[in-house]
Amino acid sequence: MEDIARFIEMQNNSENIVFFGGAGVSTESGIPDFRSKDGLYNQHDVQFDKYRPEYLLSHSCLITEPKVYFEFHRQKMDTRAIEPNKAHKYLAKLEEIGKLKAVVTQNIDGLHQKAGSKKVFEIHGSALRNYCSRCNKIYPYDYIFESKEPIPTCECGGVIRPDITLYEEGLPEDAVRGAIKALSEADMLIIGGTSLTVYPAASFINYFNGKYLVIINESELGIKEGVNTLIIRKKIGEVFAEAAKAQGMDIE
Ligand code: NAD
């Protein structure tokens with residue numbers, strides 16, 4: 001049976017589908033991922049070339065070189081004008097019809113919610129939320145991008161930072177708890193657009209104990225195809241668009 005037909009048959013035999021994804025879900029919206037050939041790790045930018053990408057996204061950089069941190073954040077993490085693609089829209093539709101119970105995402109771009117998804121566990125936080133690292137005061141979602149101060153500062157004197165999980169920091173507990181519960185209750189798991197190399201996030205898929213596993217990822221993830229495991233090595237937006245068409249779902 002061809003891939004799309006198998007994918008739909010698995011959905012038809014499932015009541016509780018969960019999606020686990022990463023940066024590859026948003027590449028078709030124009031946001032580079034990290035590790036693809038056009039990804040952030042392979043872009044050369046004289047201003048940031050002397051730094052390792054992991055450093056620019058680390059707690060150490062925020063603390064020791066905040067000007068560099070915020071310059072990088074403003075240049076590379078501003079996704080406010082970006083629109084969701086067919087991958088985000090298809091998942092929102094699957095939730096609307098009651099099949100999909102949760103999206104677990106490593107992304108910080110808010111595009112699942114922009115597409116209409118309601119139950120989204122953002123296990124690396126969101127660049128659309130900001131708070132003061134001293135007094136915890138919440139700041140509007142575009143505060144850091146709009147601020148003219150090189151280091152955005154709260155009235156209490158603390159540094160205002162995005163609510164994202166940087167390297168060396170712990171993951172948000174509520175999102176992690178919700179994600180683990182959703183994954184452990186799912187009977188079908190769709191993994192897409194992630195290299196599964198960022199830990200501990202990638203290890204959460206081990207909580208899945210259901211019937212069907214579907215991987216939609218352009219690069220190889222080292223998971224073997226089987227009777228109940230379907231691997232599709234294509235662009236996720238294109239795969240979902242094809243599935244939507246076959247299911248008579250409107251995701252325009
Ligand atoms: P990654 O860059 O390590 O891997 C992306 C994977 O997606 C690759 O395997 C690639 O082959 C695949 N891919 C890319 N485009 C695809 C497409 N259209 N269809 C199918 N597969 C596609 O990303 P990751 O695993 O998410 O880990 C990196 C970390 O980067 C995460 O923690 C995430 O927070 C962060 N990040 C987020 C964003 C965002 O919010 N949009 C962007 C870049 C990085």
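Residues numbered from 1 in each chain as written. Predicted model: local features only at pLDDT ≥ 70, side-chain atom pairs only at ≥ 80, totals over all residues. Heavy atoms only, no water.

## What about a negative patch on the surface?
Counted only if it meets this: Residues enter a patch when their relative accessible area is above 30% and they make no salt bridge; the linking distance is 9 Å between like charges and 5 Å between nonpolar side chains (Val, Leu, Ile, Met, Phe, Trp, Tyr). All accessibility values rest on the Shrake-Rupley procedure with a 1.4 Å probe; residue burial counts only the protein chains present in the view. Definition used for salt bridges: Asp or Glu carboxyl oxygen within 4 Å of a side-chain nitrogen of Lys or Arg. All tallies of charge rest on Lys and Arg as positive and Asp and Glu as negative; His and the ends of each chain are not included. We put the charge of a Lys on NZ, of an Arg on CZ, of an Asp on CG and of a Glu on CD. Secondary structure counts use DSSP, requiring at least four H or I residues in a row for a helix and at least two E residues in a row for a strand, with both numbered from the N terminus.
Taken together, the side chains of E2, E28, E238 and E242 make up a negatively charged region of the molecular surface. Following the sequence through the fold, E2 ends up in the segment before α1 (3–12).

## A closer look at the site of the ligand
The criterion, for reference: Nearness here has a simple test: a residue counts as near a molecule or strand if at least one of its heavy atoms is within 4 Å of that partner. Within 3.5 Å is the distance limit for a polar contact, defined as a pair of N or O atoms, with the added protein rule that one can donate a hydrogen and the other accept it, and that residues adjacent in sequence qualify only through two side-chain atoms. Note: domain ranges come from an automatic or database domain assignment.
Around the ligand sit 28 residues in total, of which F34, R35, Q106, S195 and S219 are the nearest. N217 places a side-chain nitrogen or oxygen 2.9 Å from an oxygen atom of the ligand. I236 is positioned such that a nitrogen or oxygen atom in its backbone is 2.9 Å from a nitrogen atom of the ligand. If the ligand stood free it would expose 860 Å²; the protein chains cover 95% of that surface. Two domains share the shell around the ligand, each providing at least three of its residues, namely domain 1 (2–30 + 81–124 + 170–247) and domain 2 (32–78).

## Regarding the sheet that holds strand β5 (residues 138–139)
Heads up, the rule is: Each pair of strands is called paired provided DSSP finds at least two bridges between the two strands. Note on contacts: a residue pair qualifies if any of its non-hydrogen atoms lie within 4.5 Å across the two residues. Note on definitions: angles span 0 to 180 degrees between N-to-C directions of axes, and those axes are lines fitted to C-alpha atoms, for helices only across the stretch in contact.
One open sheet holds the 3 strands; their spatial order is β5-β4-β6, and the pairing between them is antiparallel. The open sheet has two edge strands with one neighbour each: β5 and β6 (160–164). Strands in contact with helix α4 (residues 66–76) are β4 (125–132) and β6; relative to β6, the strand with the most contacts, it is inclined by about 55 degrees.

## Some details on the pairing of β6
The test is simple: Buried, partly exposed and exposed residues are distinguished by accessible area as a fraction of the type maximum, computed with a 1.4 Å probe on protein chains only: under 20%, between the cut-offs, and over 50%, respectively.
A large share of β6 lies buried, amounting to 4 of its 5 residues. Relative to β6, β4 is paired through 5 bridges, and the arrangement is antiparallel. Within β6, the residue paired with S126 across the bridge is D163.

## With respect to the domain arrangement of the protein chain
Using the following cut-off: Buried area is understood as the total, over both parts, of accessible area removed when two parts are fitted together, assessed with a 1.4 Å probe.
Per the domain assignment, the segments making up the protein chain are domain 1 (2–30 + 81–124 + 170–247), domain 2 (32–78) and domain 3 (127–164). On a C-alpha basis, the centres of domain 2 and domain 3 stand 18 Å from each other. Across the contact, 10 residues belong to domain 2 and 13 residues belong to domain 3. With both sides pooled, the region where domain 2 packs onto domain 3 buries about 980 Å², and carbon together with sulfur makes up 71% of that total. The largest contributions to the domain 2 side of the interface with domain 3 come from F70, H73 and R74, which together make up 55% of the buried area.

## Describing the layout of surface pockets
Heads up, the rule is: Using protein atoms alone on a 1 Å grid, points that fit a 1.4 Å probe yet trap it form a cavity, whereas open point sets bounded by protein on both sides within 12 Å along at least five of seven lines form a pocket; residues with an atom within 4 Å of a point count as lining. Grid points are joined across faces, edges and corners, and a volume is the space filled by probe spheres set on the points. Three classes are used: nonpolar for Ala, Val, Leu, Ile, Met, Phe, Trp, Tyr, Cys and Pro, charged for Asp, Glu, Lys and Arg, and polar for all others, with Gly counted as polar.
By volume, the largest pocket amounts to about 1100 Å³. Taken together, 48 residues line the largest pocket, and the ones lying closest to its centre are G22, A23, D33, F34 and N107. Its residues placed into classes, the lining of the largest pocket shows 19 nonpolar, 17 polar and 12 charged. Counted as a void, the second largest pocket has a volume near 170 Å³. Residue lining of the second largest pocket: L40, Y41, Q43, H44, D45, F48, D49, Y51, P53, L56, F72 and K76, and that is the complete set. Among the secondary structure elements, those contributing two or more residues to the lining of the second largest pocket are α2 (53–56) and α4.

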